[in-house]
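# Topology and contacts: notes
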Amino acid sequence: MSTTVTPASPTRPARRLGEARPRYGERIVKALLFLCAAVSVATTAGIVVALAGPTIEFLGEVPLKDFLFGTEWRPLFSPPDFGVLPLVTATIVVTACALVVCIPFGLGAAIYLSEYARPGVRKALKPVLEVLAGIPTVVYGFFALTFLTPVLQDIWLFGDPPSVFNALAAGLVMGVMILPTVASLSEDAMAAVPQGLRQGAYALGASKRIVATKIVVPAALSGIVASFVLAISRAVGETMIVLIAAGGTPNMSWNPAQAMQTMTAFIAAAGLGDQSTGSIGYQTIFAVGALLFIATFVMNIFSIRLVRKYREVYE
Amino acid sequence: MSSTQIAPTSQRERVMGGLFRAALFVSLAVGILTLAWLIFSVVKEGWPRLSLDVLFHFPSSNPELAGAQSAIMGTIWVVGLTALITIPIGVGAAIYLEEYADRDRWWNRLIELNIQNLAAVPSIVYGILGLAFFVRGFLDLGQTVLAAALTLSLLVLPIVIISSREAIRSVPDSIRQGALALGATQWQTIWRQVLPASIPGMATGSILALSRAIGEAAPLVLLGGLTFITFNPEGLDSAFTVLPIQIFNWISRPQEEFHVLAAAAIVVLLVLLVAMNGIAIFLRNKYQRKW
Amino acid sequence: MSEPIIQRSGERHDALADAATASHATPYAQPEPTQQDAVPMEAPVFRLRDVTVAYGGTPAVKDIDLDVQASRITALIGPSGCGKSTVLRCLNRMNDLVLDASVSGEVLYHGQDIYASHVDPVEVRKLVGMVFQKPNPFPKSIYDNIAFGPRVLGMKGSMDEIVETALRRAALWDEVKDRLKQSAYGMSGGQQQRLCIARALATDPDVILMDEPCSALDPISTARIEDLLLELRRTYAIVIVTHNMQQAARVSDRTAFFTVELDEGERHRTGRIIEFDATEKIFQNPADARTEAYVTGKVG
């Protein structure tokens, strides 16, 4: 290596800043991307508009009181009855059956995965739950009708056994389908609970069971409740399982062993019947749809708020 | 002074702890066993008719001759078109929300709230939307492939957006800073650095969204109905059926032979879904970058 | 004059480093030619006057006066959190990326106010290069890392030549010339940082900003990069933020000492420059007691 000092390079000419170009390309890109994002707002607006028009027309012909509180749903009879309660009670019955399965077992699975399972077991089991969630609802409906109902009929102990179409089979299967949602959301909520809380309790001599039930679950409660609310929303909105397995005739009963038609099953059946645009039959699709949308919308917003609340606390 | 002997686990705790653990096990077992029962029953039921006939024959009122070719081709057409529509829009929305949107502005918060809500709207409501605007109403497309694809695109759009956002978010900010410091514009940074780095995550998310679309029947019931389709789609304005609808069709028939056929078609559908999810998982494991 | 407070660290067999040391033997407070320069001092590349940077209305640094000369290394030193990086990021308008940041005062680049309303920050960044604390190569090949800047800027000329020149200037060419198409992530930390330096050089800036470039690197890589800086000084103006006082003493020509103070009647601490002078003076004979306390290690 040479030991002489090499002179510094000659001065470089002073740089000029280029004039700011208006960069229209950037602005166009941003506008296009904004439009893509605005599609979501347009979709919601579209849903509201689609539901509102025919519903308003419908309510012009059928008083709201009769619609909401009437107990007979025979829209295509003459004279027709437009009381939506049988559809609503059917939805409630099926949802209740689903919740009996998905809430305790979903939460149990979540607690197990979050607090008890070794990492290897967890890695193996989570995909299984994802598979459960990914099975098409037609398949679940088929399963309920073809395999679960006969078993229920065989093992039924008291009263009339379930009919071929019944709310119970549909509800139970729906519960299994929703179980992964409850499990996964609850597990997320529990994972967000800081390790410090658990460690403090363990250090005091608490057992795993106590830590899970008295420390972690209460700390994750808003996320867990959010998952329950979302489960209810999904159960209320589910169509194919009830369409296939629960029945096609409105039946205002609280007995899950009977056949009954839920709101969603009615909408699908009415849609299959190919009503002419503007007829009262066509409008019932939208009126019941509006009721369905409002119910699930309220639950969704509630659930979103709850999730936001628990995220804020820990982040 | 109290005892310094370490006591064994109390009797009560052993019982309660054991019971609790058992209860949790049962919870998991319910899901897993039901899944196993479901798959086993469906395969067993559909076994007699599981042959290439199911793939290549067309529906017929004679169960011996019936197959699901029109439904399979219909699924390919509809879901393929759905992918073409929903992926660009979903990725575009994700880029906007992650790279451009200022969270303080109310319209951006409204967009986010909308997406979260739409992800949980019942699928049949999307069918109502499609019925009102695509099949009849504004676009008046009739019961066609295009109307079905537009409807399904809106249905899975929230999933595409949410998973694409996660993929974009996982690209470290230092990459963006490095590109911007070199004098790249925001779009140049996104197009040349952020997007290429987030493609594996986006691909996985899109495949999962399309898996959902393949299995959907409820909205399409309102759009295409249970019409007896015995031909493959010929164009965007073609009438159509899809595999889940065909399965539903066969389930609704009283004859037992059609139920067997339905089970066979379900097996085809499940195999298709397993293949798609397998590809998604493969892509994720192979290309997912650990930053 | 007191004994040198900071000893030069030994083991420098590089001729250029000898030259650098020789130049520091002549202290200067006023801009005047030294042994090393064959060129007279010119107008400063950057001139900051009364610069204040606030985040969300709260000032983070205030009343910054600073000059950056061509062919010199200017070091910004001081304890954590006193705004050194903030000031550095003013020079290429990277502060614009922080949502509620505002900059007041004058930041002149060759006499042009880079914060004037008609100035596009993208254009500023094309003329001023930056190297970050943690090496941040793109997830691409070594070649594409270097080529990204020139491509985006639409530079003319053979890309192969541009890439080779940049890698040579960063003293990296010989190590990577046979694996240009391999991923940049396969390199060691020190190599990655030199790649980032080469990447910044490829767009032909005349100023290089460095935000603690060696803090994530081992001592050997650090030494190599410091050697590189002394070489690069001949062509570029370099501004380096560093926590390592010895590093500032080793490589820089001028040093600005920052600290954080709670002013009378104010509720927030704001960063300020306490002293800005020739490096030799800052370390051997500082004018301010706070500077002396910091460089002698009395305060952190």
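Residues numbered from 1 in each chain as written. Chains lettered and ligands numbered in written order. Predicted model: local features only at pLDDT ≥ 70, side-chain atom pairs only at ≥ 80, totals over all residues.

Further remarks concern the overall build of chain B. Counting its regular elements, chain B contains 11 helices and zero strands. When the helices and strands of chain B are listed from N to C terminus, the series reads α-α-α-α-α-α-α-α-α-α-α. Taking 291 residues into account, the globule formula puts the C-alpha radius of gyration at 19 Å, and chain B, at 25 Å, lies well above it. C-alpha atoms of chain B, sized along the principal axes, occupy 85 × 70 × 35 Å. Of all 291 residues assigned to chain B, the portion counted as buried reaches 51%. (Helix = DSSP H or I, 4+ residues; strand = E, 2+ residues; numbered from the N terminus. Rg over C-alpha atoms; globule rule 2.2 N^0.38 Å. Buried ≥ 20, exposed ≤ 12 C-beta atoms within 10 Å, placed from the backbone.)

What follows deals with the overall build of chain A. Within chain A, the regular secondary structure consists of 12 helices and two strands. Starting at the N terminus, the α and β elements of chain A follow one another as α-α-β-β-α-α-α-α-α-α-α-α-α-α. Computed over C-alpha atoms, the radius of gyration of chain A comes to 28 Å, more than 25% over the 20 Å expected from 2.2 N^0.38 for 315 residues, which places it beyond the range of a compact globule. Projected onto its principal axes, the C-alpha coordinates of chain A cover approximately 105 × 60 × 35 Å. Expressed as a percentage of contacts within chain A between residues at least 6 apart in sequence, the contacts between residues at least 24 apart total 74%. (Contact = placed C-beta atoms within 7 Å.)

Further remarks concern the environment of Gln182 of chain C. Residues and elements named next belong to chain C. With respect to the secondary-structure elements, Gln182 resides in the loop between α6 (173-176) and α7 (189-202). Separated by 71 residues in the primary sequence, Gln182 and Asp253 place their C-alpha atoms 37 Å from one another. If near-sequence neighbours (up to four positions away) are discounted, Gln182 is found in contact with Ser141 and Ile142.

This brings us to the packing of helix α3 (residues 69-100) of chain B against helix α10 (residues 243-251) of chain B. All names here are of chain B. Put simply, α3 and α10 touch, their axes get as near as 8 Å, and they point 150° apart. Here α3 is positioned roughly antiparallel relative to α10, judged by the angle of their axes. For the pair α3 and α10, the contacting residues are Ala71, Ile72 and Thr75 in the first and Leu243, Ile245 and Gln246 in the second. Here the residues of the contact of α3 with α10 are counted per class, giving four nonpolar, two polar and no charged. (Axes fitted to C-alpha atoms, helices over the stretch in contact; angles between N-to-C directions. Parallel < 35°, antiparallel > 145°, perpendicular 65-115°, else oblique. Nonpolar A, V, L, I, M, F, W, Y, C, P; charged D, E, K, R; others polar.)

On to the interface of chain B and chain C, then. At the interface, 15 residues of chain B touch 18 residues of chain C. Listing elements by their share of the side of chain B that touches chain C, those giving two or more residues are α7 (173-181) and α8 (186-215) of chain B. Looking at which element gives the most residues to the side of chain B that touches chain C, the answer is α7 of chain B, with six residues. The residue makeup of the side of chain B that touches chain C, split by class, is six nonpolar, seven polar and two charged.

So, on to the interface of chain B and chain A. Contacts between the two partners involve 68 residues from chain B and, on the opposite side, 67 residues from chain A. Here the element with the most residues in the side of chain B that touches chain A is helix α1 (residues 11-46) of chain B; it accounts for 18 residues. Partitioning the side of chain B that touches chain A into residue classes produces 46 nonpolar, 18 polar and four charged.

Turning next to the packing of helix α4 (residues 142-153) of chain C against α7 of chain C. All names here are of chain C. Here α4 crosses α7 at 30°, and the two axes come no closer than 7 Å. If you check the angle between α4 and α7, you find them roughly parallel. Note on packing geometry: the crossing formed by α4 with α7 is right-handed. In contact with Ile142, Asn145, Ile146, Gly149 and Pro150 of α4, α7 contributes Leu195, Ala198, Arg199 and Ala202. (Left-handed = near helix turned anticlockwise from the far one by under 90°.)

Residues and elements named next belong to chain C. The buried fraction of strand β8 (residues 237-241) is high, at five of five residues. The alternating pattern of β8 places Ala237, Val239 and Val241 on one face and Ile238 and Ile240 on the opposite face, and all of these are buried. Here strand β3 (residues 73-77) runs beside β8; their pairing, made up of four bridges, is parallel. Counted as the bridge partner of Thr74 is Val239 from β8. As paired strands, strand β7 (residues 207-211) and β8 are joined by five bridges and run parallel to one another. When the bridges of β8 are listed, Leu209 appears paired with Val239. Since β7 and β8 lie parallel, the crossover through helix α8 (residues 219-232) that links them has a hand, and here it is right-handed. (Pairing = 2+ DSSP bridges. Right-handed = clockwise from strand over helix to strand, strands pointing away.)

Before going further, it helps to examine the pairing of β3 of chain C. Residues and elements named next belong to chain C. With five of five residues buried, β3 is to be regarded as a mostly interior element. Residues Ile73, Ala75 and Ile77 point to one face of β3 and Thr74 and Leu76 to the other, with burial holding for every one of them. In this structure, β3 lies alongside strand β9 (residues 254-262), joined through four bridges in parallel fashion. The residue of β9 that forms the bridge with Ala75 is Thr255.

A few words on the nonpolar core. Nonpolar side chains in soluble globular proteins tend to be buried together. Core analysis: the biggest nonpolar cluster contains 193 residues, and Val94, Ala170 and Val173 of chain A together with Ile128, Ala265 and Ile266 of chain B have the highest contact counts within it. Looking at which element gives the most residues to this core, the answer is helix α3 (residues 85-116) of chain A, with 18 residues. Look past the residues within four positions of Ile266 of chain B in its chain and what remains in contact with it is Val139 and Phe142 of chain A together with Val42, Gly46 and Ile247 of chain B. Counting 87 residues, the second largest nonpolar core, distinct from the first, contains Leu76, Val124, Met130 and Ile274 of chain C. (Core = buried A, V, L, I, M, F, W, Y, C linked by C-beta atoms within 7 Å.)

When the terminal C-alpha atoms of helix α1 (residues 24-61) of chain A are compared, their 54 Å separation across 38 residues agrees well with the 56 Å that a helix rising 1.5 Å per residue should span. At Ala37 of chain A, α1 of chain A shows its largest bend, some 30°. (Expected span 1.5 Å × (residues − 1). Bend = angle between axes of the 7 residues up to and from the residue.)

Our next topic: the confidence of the model for chain A. When pLDDT is averaged across chain A, the result is 87; 92% of the residues are at 70 or more. Predicted confidence for residues 1-11 of chain A stays below pLDDT 50, and this span has 18 contacts to residues more than four positions away or in other chains. (pLDDT = per-residue confidence, 0-100.)

Quick look at unusual backbone geometry now. A cis amide bond links Ser78 of chain A to the next residue, Pro79 of chain A, at an omega of 5°. Within the secondary structure, Pro79 of chain A is located in the loop between β1 (73-74) and β2 (81-82). Notably, His110 of chain C is not glycine yet its phi reads approximately 45°, a positive angle. When you line up the elements, His110 of chain C lands in the loop between β4 (101-109) and β5 (112-113).

Quick look at the environment of Ala209 of chain B now. Residues and elements named next belong to chain B. Its location among the elements puts Ala209 in helix α8. Ala209 sits in the buried class, given 27 other C-beta atoms within 10 Å. Spatially, the C-alpha atom of Ala209 lies 27 Å from that of Gly137, the residues being 72 residues apart in sequence. Ignoring any residue separated from it by four or fewer positions in sequence, one finds Ala209 in contact with Val156, Ile159 and Val160.

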